[in-house]
Amino acid sequence: MGEAGWNGRISAYVHGDSEAYKEQWSVPAPLDASLSHSAFADEDDDIAESRPTRGRVANGTSSAMQVEVLRLDAAYRLAANQGRVMEAGDLLERSLFVRVDVFGPSSPEADSACRALVTHFNSAGMQALHASNFTLAFELLRKAEVLTRKNSVISRREDRLRHRAISLNNLGCVYRRRRKLHAALRCLEQALTLELSIAEEAAARSPRLGHDEAREEGAGGVLPVDGPADTHLNLAAVLSELGQHSAALSHVECALTLLPDLAPLCEAALAAGTAVAAPGADVYAAACHNAAVEHRALGHREAAAFFFERAHLAAAATWGVHHARAVALRRAWEEAVHELSARA
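Residues numbered from 1 in each chain as written. Predicted model: local features only at pLDDT ≥ 70, side-chain atom pairs only at ≥ 80, totals over all residues. Heavy atoms only, no water.

Peer 1: An account of the overall build of the chain is needed here, citing residue identities and associated values.
Peer 2: A tally of helices and strands in the chain yields 16 helices and zero strands. Within the chain, the fraction of its 344 residues that count as buried is 47%. A separation of at least 24 residues holds for 68% of the contacts in the chain among residues at least 6 apart in sequence. A total of about 16400 Å² of accessible surface is found on the chain, and carbon and sulfur atoms cover 52% of it. (Helix = DSSP H or I, 4+ residues; strand = E, 2+ residues; numbered from the N terminus. Buried < 20%, exposed > 50% of the residue type's maximum accessible area, 1.4 Å probe, protein only. Contact = heavy atoms within 4.5 Å. Areas by Shrake-Rupley, 256 points an atom, 1.4 Å probe, with all protein chains shown as cover.)

This is how it looks when you write it as structure tokens:
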């Protein structure tokens, strides 16, 4: 099924046209690709939460519809376990439509199935992007974005905004790869606004918790924000390509303030000949590298050399000293030091 068919199904679903669900649901989608990458939590967890049970089904609902939900869920798990991600997404989408009909759009069953579907579209979309299948990546991520709009059946506002921020961030990455930089900028700015809004609401609900504690505790039920540092770095990359290096550096610096200083841990890991155990070391390496690039573009040679060294340190501790990224960053660091020496 082409993009128009998919969008017809999603649009009908989002706008609450129950009859359109029934008309569109029976049309199967083709298997466009076989993807197995999962960048997010396991979708099976959300589906398991919404397994239909007696007493939760609306009066008058036929047992055949309940059986259909179970059949679709079982088929989805089988397809997902076998790496048939596009088929799994189609089954998951149909399962959502049936849940809306059976349990209602405001039900926990519809909510959890919708969150699982958004997660699935994001995961498959980013894998398609990594494979340079830009058309498929855009189609999948656009569907994820549509499902997280205000009229979504994701009931909790915090959940919806979190999934929306992820979807917009990923869409921004697609636009950037396609050299549509202003469109990428718009998506990423929207994603960052949502992430900061979630963080502010979390802090307001738990004023006695520090920032890190609020994220760990979920701030009174609010889901932790995913990737504000990553979003800052994505924005910096787009702004850099637009030649706006001062603005890009500001976003990199924001990302670095959100990340722990892993330099001591990286030095210890290299000295011990082990990989750094701290999570986020790869993001820290990227942030240091981006800081070096922006400082160099702005003529800040000493700062550029400093951050190239930090980036190399983090890359070597994360992936090993012989990894291509670590080698490239070491070369960049050495060139930066050479430039400083030549000007001394």
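Peer 1: I'd like a rundown of the state of the cysteines, residues and numbers included.
Peer 2: Scanning all chains against the criterion turns up zero disulfides. Cys288 provides the cysteine sulfur closest to Cys266, a residue in no disulfide bond, and the two sulfurs are 8.4 Å apart. (Disulfide = S-S within 2.5 Å.)

Peer 1: Run through the side chain of His232, naming residues and quoting values.
Peer 2: If you trace the backbone, His232 turns up in helix H11 (residues 228-241). With relative accessibility at 7%, the residue His232 sits in the buried group. Other than its neighbours up to four places away in sequence, His232 contacts Leu192, His251, Cys254, Ala255 and Leu258.

Peer 1: Which residues make up unusual backbone geometry, and what are the values?
Peer 2: Of note, Ser132 is a non-glycine position whose phi angle comes to about 65°, a positive value. The backbone of Arg179 shows a phi angle near 65°, a positive value even though the residue is not glycine. With respect to the helices, strands and loops of the structure, Arg179 is situated in the loop between helix H8 (157-177) and helix H9 (181-205).

Geometric descriptors of this kind do not, in isolation, establish any biological role.
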